[in-house]
Amino acid sequence: SSAGVPRSLLPRSTLDRCMDQCDDTYRYNVTVGYSDVLEMARLECRDGCQIGLLRCQPGYFCIQASPDKTKSYSGGDMLQCPAGT
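Only a predicted model underlies this, so the values are computations on that prediction, with no experimental measurement involved. (Residues numbered from 1 in each chain as written. Predicted model: local features only at pLDDT ≥ 70, side-chain atom pairs only at ≥ 80, totals over all residues. Heavy atoms only, no water.)

Asks: Just give me the short version of the environment of Ala-83, but keep the residues and values in it.
Replies: Examined against the element boundaries, Ala-83 turns out to sit in the segment after β4 (77-80). When its relative accessible area of 81% is taken as the criterion, Ala-83 is described as exposed. Separated by 24 residues in sequence, Ala-83 and Gly-59 place their C-alpha atoms 9.5 Å apart. (Helix = DSSP H or I, 4+ residues; strand = E, 2+ residues; numbered from the N terminus. Buried < 20%, exposed > 50% of the residue type's maximum accessible area, 1.4 Å probe, protein only.)

Right under this line is the structure:
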């Protein structure tokens, strides 16, 4: 959290939204509780989110993500450049 504001109330970063989209797209419900094929696709999608920030698009600037205490990445953003820059 930033200055005592709960994380859930802060704006979601580009990376967080991308990873949420991966989790939603590759969501599954199987009787054993785990699907190797879908889990691999979900993890590859999440890797793509991080790679996308490394390959920042023209007209945008990227803020790279950093690992948190649990070693998961969050906070990366791809933001449009201000006009005239």
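There's plenty left to go through after this.
Asks: Got a sec to walk through the state of the cysteines? Specific residues and values, please.
Replies: This structure, assessed with the given rule, holds three disulfides. Linked covalently through their sulfurs, Cys-18 and Cys-49 form a disulfide whose S-S length is 2.0 Å. Looking down the S-S bond of the Cys-18 and Cys-49 bridge, the torsion is -80°, so its handedness is left-handed. Taken together, the positions of Cys-18 in helix α1 (residues 14-25) and Cys-49 in helix α2 (residues 36-54) put the pair 31 residues apart, joining distant regions of the chain. A residue is classified by how much of its surface remains accessible, and Cys-18, at 29% relative accessible area, is partly exposed. Classification of Cys-49 as buried rests on a relative accessible area of 6%. Note that Cys-22 is cross-linked by a disulfide to Cys-45, the S-S spacing being 1.9 Å. The sign of the -75° torsion about the S-S bond sets the Cys-22-Cys-45 disulfide as left-handed. Note that Cys-22 is positioned in helix α1 and Cys-45 in helix α2, a separation of 23 residues in sequence. Disulfide connectivity for the chain, with bonded cysteines indexed by sequence position, reads 1-4, 2-3, 5-6. (Disulfide = S-S within 2.5 Å.)

Just geometry here; none of it tells us what the structure is for.
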